[in-house]
Amino acid sequence: QKEIYDDVVQPILDEVLQGYNCTIFAYGQTGTGKTYTMEGDLDKILGSPGHSNGSKPTGSGSLASGFRIPTNAGIIPRTLHQLFRSIGDDPASMVTVSYMELYNEEFRDLFVDTNARGEPNGPHIQVFDTGTKGNIQFQGLEEKRVQTVEQAIGLMREGSNRRRVAATRCNDTSSRSHAIFTINVLVRESSLSSDGDYVLKRGKLNLVDLAGSENIGRSGAENMRAREAGQINQSLLTLGRVITCLVEKHQHIPYRDSKLTRVLKDSLGGKTRTCLIATVSPSKASIEETVKTLDYAGKAKSIKNKPAANRTVSKADIIIELTETIGRLESDLSAARDKTGFYISKETHDKLMEDSKSSKLRTESWQNER
């Protein structure tokens, strides 16, 4: 676990702190260790659940309570640990996290305890194209601010416990969904703006634990499990087609054929630094899946992204963004209370529809020019 983090993840985290967007995938056959690679043994990370109950932190950073990362910790807890060590006590820095799963082509917020609400299957997260450089907006996804590594790992642990898992012949705790843990970071730039205010760099890291590909016959999946496996394999097949089209430089890339590829479009062929970790089985019985996984990874390695740093922002820019966000949330809440909207207010809906129509017209115009 430490070797993978030091060789692969640490350099990527350094780029996030420099203002880049980065993504790390774990891909492979079910039962080969993807979730262990991303999370590690959660029972040995933080003695017991409940570190994310909203209590006020007793200090700042990961050193406040002498927290030490265990040897079997995976990529996500190690990344959070190093992140808080790097930003230290700087009050200008801010870290927010979100955690969602894609199950049967529907996104669900893993920070929301739907069972406690009596809604075991929802509510689902709505996905919209913003019409701005292919950016995606999630309606209903909660983004939590975290101030200590214990708080962040506690949230991750609670979300992981809500993830869909089931037993198959290949794996006693097979993940039946794709999970995306996202870390957003604001870090103070060393230089000041023209008006003497400090400048912030904005970085994002997506840590993606893909559900495992599986042979339905060998895994013994039946009924609902078989349908789940079919959806998983279908989304992974689409991901494979997208990778192939990017490598072969096709004019049309089928991002929209799956919600997974749609939301990770920039990670696959945009301005994001992306790494794919392939996990394989040593078993002879799995040789076919192992060859497919390595072929998958070989093609992915040939994709040439063009990473670009995000635009730096000032403190005033952040205040304006937060004010707009608060106003939008108040509008959505009012619409929900008055039953004059569905999931969003009419103003927000109209803007999303307008952006979507504008994006469609630009696409059609571009296709006609081609």
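Residues numbered from 1 in each chain as written. Predicted model: local features only at pLDDT ≥ 70, side-chain atom pairs only at ≥ 80, totals over all residues. Heavy atoms only, no water.

### Remarks on the pattern of salt bridges
Any two side chains of opposite charge can pair, on the condition that their charged atoms come close.
Here is step 1: Counted according to the given criterion, the structure contains eleven salt bridges.
Here is step 2: With a shortest N-O distance of 2.7 Å, Arg-108 and Glu-101 are connected by a salt bridge.
Here is step 3: Exposure remark for Arg-108: the relative accessible area of 5% places this residue in the buried category.
Here is step 4: Notably, a salt bridge pairs Asp-257 with Arg-241, separated by 3.5 Å at the nearest N-O pair. A residue pair is termed long-range when its members are at least 10 positions apart, and Asp-257 in the loop between α6 (224-247) and α7 (259-263) and Arg-241 in helix α6 qualify at 16 residues. (Salt bridge = Lys/Arg side-chain N within 4 Å of Asp/Glu carboxyl O. Buried < 20%, exposed > 50% of the residue type's maximum accessible area, 1.4 Å probe, protein only. Helix = DSSP H or I, 4+ residues; strand = E, 2+ residues; numbered from the N terminus.)

### Looking at the side chain of Thr-290
Here is step 1: Within the secondary structure layout, Thr-290 lies in helix α9 (residues 287-301).
Here is step 2: The class of Thr-290 is buried, set by a relative accessible area of 11%.
Here is step 3: Discounting chain neighbours no more than four positions away, the residues touching Thr-290 are Val-280 and Ser-281. (Contact = heavy atoms within 4.5 Å.)

### Re helix α10 (residues 315-338)
Here is step 1: Across its 24 residues, α10 extends 35 Å between first and last C-alpha, which sits within 8% of the 34 Å expected from 1.5 Å per residue.
Here is step 2: Ile-318, Asp-332 and Ala-335 are the residues of α10 that are buried.
Here is step 3: In the segment just after α10, Lys-339 is the residue with positive phi, at about 60°. (Expected span 1.5 Å × (residues − 1).)

### A word on the nonpolar core
Among soluble globular proteins, nonpolar side chains are generally buried collectively.
Here is step 1: Counting residues in each nonpolar core, the largest one holds 39 residues, and the members touching the most others are Phe-181, Ile-183 and Leu-207.
Here is step 2: Listed by contribution, the elements that provide at least two residues to this core are α1 (2-17), β1 (21-28), α3 (75-87), β2 (94-103), α4 (149-161), β9 (178-192), β10 (198-209) and β11 (273-279).
Here is step 3: One finds Val-208, Leu-236, Tyr-255 and Ala-300 within the second-largest nonpolar core, a separate group that totals 27 residues. (Core = buried A, V, L, I, M, F, W, Y, C linked by side-chain atoms within 4.5 Å.)

### Points about unusual backbone geometry
Here is step 1: One non-glycine residue with positive phi stands out, namely Glu-105, at about 65°.
Here is step 2: For Glu-105, the position within the fold is in the loop between β2 and β3 (106-109).
Here is step 3: Classification of Glu-105 by relative accessible area gives partly exposed; the value is 24%.
Here is step 4: Despite not being glycine, Lys-249 has its phi angle at roughly 55°, a positive value.
Here is step 5: The residue Lys-249 is located in the loop between α6 and α7 in this model.

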